[in-house]
Amino acid sequence: MGKIAFVFPGQGAQYVGMARDIAEQSVTCREIIYAADERLGYKLSEVMFHGPKEALTLTENAQPALVTASVVCSQLLKEAGVEPDMVAGHSLGEYAALAAAGALSNIDAIWLTRQRGLYMTSAVPAGQGGMAAVLGASQAQVEELCAYAAQFGVLEIANYNCPGQIVISGEMAALEAAVAQAKAYGAKKAMPLAVSGPFHCSLLSEASERLAEALEQVMFEAPQKMVIANYSASPVCTPQEIKQALIKQVSHPVRWEESIRLMVNNGVETIIEVGAGKVLTGLTKRIAPEVQLFNVENMESFAATVAALS
């Protein structure tokens, strides 16, 4: 059947009620969720399961909540005997990928993403920066668009998601100028994203520095599976390489398209999106339509995926 990869979603995929049925039906998963609440010092599970949506959407809640949902879905797959040959996560999802590869404990991954969310939120005051998806343009065209908008402030490419979908990030004036002029630079359209800040650009370098300190407070191991880092779209093999990649990732682009291509070139034929939503499944269809795709976000999709793979 070829190799299997697990991929883990990033911010924006969260929804109220995610992983609730898993917590109800799996003792192990329930224990992970309650251990996370204890480590964080507040009931993240309440926000995940019952909302309100506004609280779950806050970066400092959304990030650990998404990683919690991803690690419990990953746990279910492991208990069913489904193991990945390689893993990757989109932005924040990289922490869940590292946990799945044995490089980081589940609870440390959740704790780190809570800190990461707090640092990212405080790096740029609310309303001063944002992100937008540019659809239907080439990389060169988006680079030209960013160069044009740079006269109004910082604007950089944040995510190379899939062919025809590149996300830009930066200061509000520059972002608004780019959205207004996107069609003139060859894009079909440009849409502002519902995020609280300009992630994956140089404006977040202060958050990177603070994250570096938090990373020193937890234990990293050499991964037992191949982990492909966002920053380089290449494998990270040692604790030091992992930490450097996580630090750089905050203020540099997510190279998602290259990461998926690397997996496919290394023999991956099946990709399972592990955690909330199907955003990555949609991107992967456009990058590697030949790959067999599944997602696991609740008991129903878990049962369907295991049945299809057995």
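Heads up: these notes are all about the structure in this document.

## Quick notes on the nonpolar core
Ranked by size, the top nonpolar core spans 76 residues in total, and within it F6, Y95, L112 and I272 carry the most contacts. If one sorts the elements of this core by residue count, helix 5 (residues 59-79) sits on top with nine residues. The contacts of Y95, once residues within four sequence positions are left out, are V67, L104, A109, L112, T113, R116, L211, L215 and L246. Within the second largest apolar cluster, 18 residues are counted, among which are A149, L155, Y160 and A174.

## What about the sheet that holds strand 9 (residues 268-274)?
Across the sheet, six strands lie side by side as 8-7-2-1-9-10; this open sheet has mixed pairing. The sheet is open, and its two borders are formed by strand 8 (234-236) and strand 10 (292-296), each paired with just one other strand. Geometrically, the sheet is characterised by an average inter-axis angle of 30° between neighbouring strands, direction not taken into account. In the sheet, strand 9 pairs with strand 10 via five bridges, with the strands oriented parallel. Across the sheet, residue E273 finds its bridge partner in strand 10, namely N295. Of the strands in this sheet, strand 1 (3-8), strand 9 and strand 10 are in contact with helix 5, which crosses strand 9 at around 130°.

## Comments concerning the sheet that holds strand 4 (residues 155-162)
Strand order in the open sheet formed by four strands is 4-5-3-6, and the pairing between neighbours is antiparallel. Of all the strands in the sheet, just strand 4 and strand 6 (189-192) have a single pairing partner and so form its edges. Each strand of the sheet is rotated relative to its neighbour by a mean of 25°, with strand direction disregarded. Where strand 3 (residues 129-135) meets strand 6, four bridges bridge the pair, whose relative direction is antiparallel. Directly across from A132, in strand 6, lies its bridge partner P192. Sheet strands touched by helix 8 (residues 139-149): strand 3, strand 4 and strand 5 (165-171). Its angle to strand 4, the strand with the most contacts, is close to 160°.

## Re the pairing of strand 3
The buried fraction of strand 3 amounts to seven of the seven residues, a majority that puts the element mostly inside the structure. Where strand 3 lies against strand 5, seven bridges are found, and the strand directions are antiparallel. In the sheet register, G129 faces strand 5, and the bridge partner there is E171.

## Things to note about the side chain of S70
Counting through the fold element by element, S70 comes out in helix 5. A distance of 3.0 Å separates a polar atom in the side chain of S70 from the backbone oxygen of V274. Not counting chain neighbours up to four residues away, the residues in contact with S70 comprise F8, P9, A96, V274 and G275.

## Quick look at the layout of surface pockets
Empty space within the largest pocket amounts to approximately 620 Å³. Along the wall of the largest pocket there are 30 residues; nearest its centre are Q11, G12, A13, L193 and V195. Counting residues per element, the ones that place at least two in the lining of the largest pocket are helix 5, helix 7 (106-123), strand 3, strand 4, strand 5 and helix 13 (279-287). Per element, the largest residue contribution to the lining of the largest pocket is three residues, and it comes from helix 13. Residues of the lining of the largest pocket, tallied by class, amount to 15 nonpolar, 14 polar and one charged. Considered as a void within the structure, the second largest pocket measures approximately 160 Å³ in volume. Lining the second largest pocket are 13 residues, with Q139, Y160, C162, I166 and E257 sitting closest to its centre.

## Here's the deal with helix 9 (residues 172-181)
All buried positions along helix 9 are accounted for by A174, L175, A177 and A178. Angularly, the buried residues of helix 9 cover 160° about the axis, an arc narrow enough to put them on a single face. More than 90 degrees from the buried face of helix 9, the exposed residues found are E176 and A180.

## Topic: the pattern of salt bridges
For the structure on display, the rule yields five salt bridges. The residue K225 makes a salt bridge to E83 at a minimum N-O spacing of 3.3 Å. Here K225, found in the loop between helix 10 (205-215) and strand 7 (226-229), pairs with E83, found in the loop between helix 5 and strand 2 (86-89); they are 142 residues apart in sequence, far enough to count as distant. A relative accessible area of 21% means that K225 is categorised as partly exposed.

## A look at unusual backbone geometry
A cis amide bond links G51 with the next residue in sequence, P52, at an omega value of 5°. With a phi angle near 60°, S91 is a residue other than glycine that sits in the positive phi range. Topologically, S91 is positioned in the loop between strand 2 and helix 6 (93-100). Phi at H200 takes a positive value of approximately 60°, unusual for a residue other than glycine. Topologically, H200 is positioned in the loop between strand 6 and helix 10.

Criteria and cut-off values
- Residues numbered from 1 in each chain as written.
- Predicted model: local features only at pLDDT ≥ 70, side-chain atom pairs only at ≥ 80, totals over all residues.
- Heavy atoms only, no water.
- Core = buried A, V, L, I, M, F, W, Y, C linked by side-chain atoms within 4.5 Å.
- Buried < 20%, exposed > 50% of the residue type's maximum accessible area, 1.4 Å probe, protein only.
- Helix = DSSP H or I, 4+ residues; strand = E, 2+ residues; numbered from the N terminus.
- Contact = heavy atoms within 4.5 Å.
- Pairing = 2+ DSSP bridges.
- Axes fitted to C-alpha atoms, helices over the stretch in contact; angles between N-to-C directions.
- Polar contact = N/O pair within 3.5 Å; in protein donor to acceptor, adjacent residues only side chain to side chain.
- 1 Å grid on protein atoms, 1.4 Å probe; cavity = no way out; pocket = protein on both sides within 12 Å on 5 of 7 lines; lining within 4 Å.
- Points joined across faces, edges and corners; volume = space filled by probe spheres on them.
- Nonpolar A, V, L, I, M, F, W, Y, C, P; charged D, E, K, R; others polar.
- Arc of directions from axis to C-beta.
- Salt bridge = Lys/Arg side-chain N within 4 Å of Asp/Glu carboxyl O.

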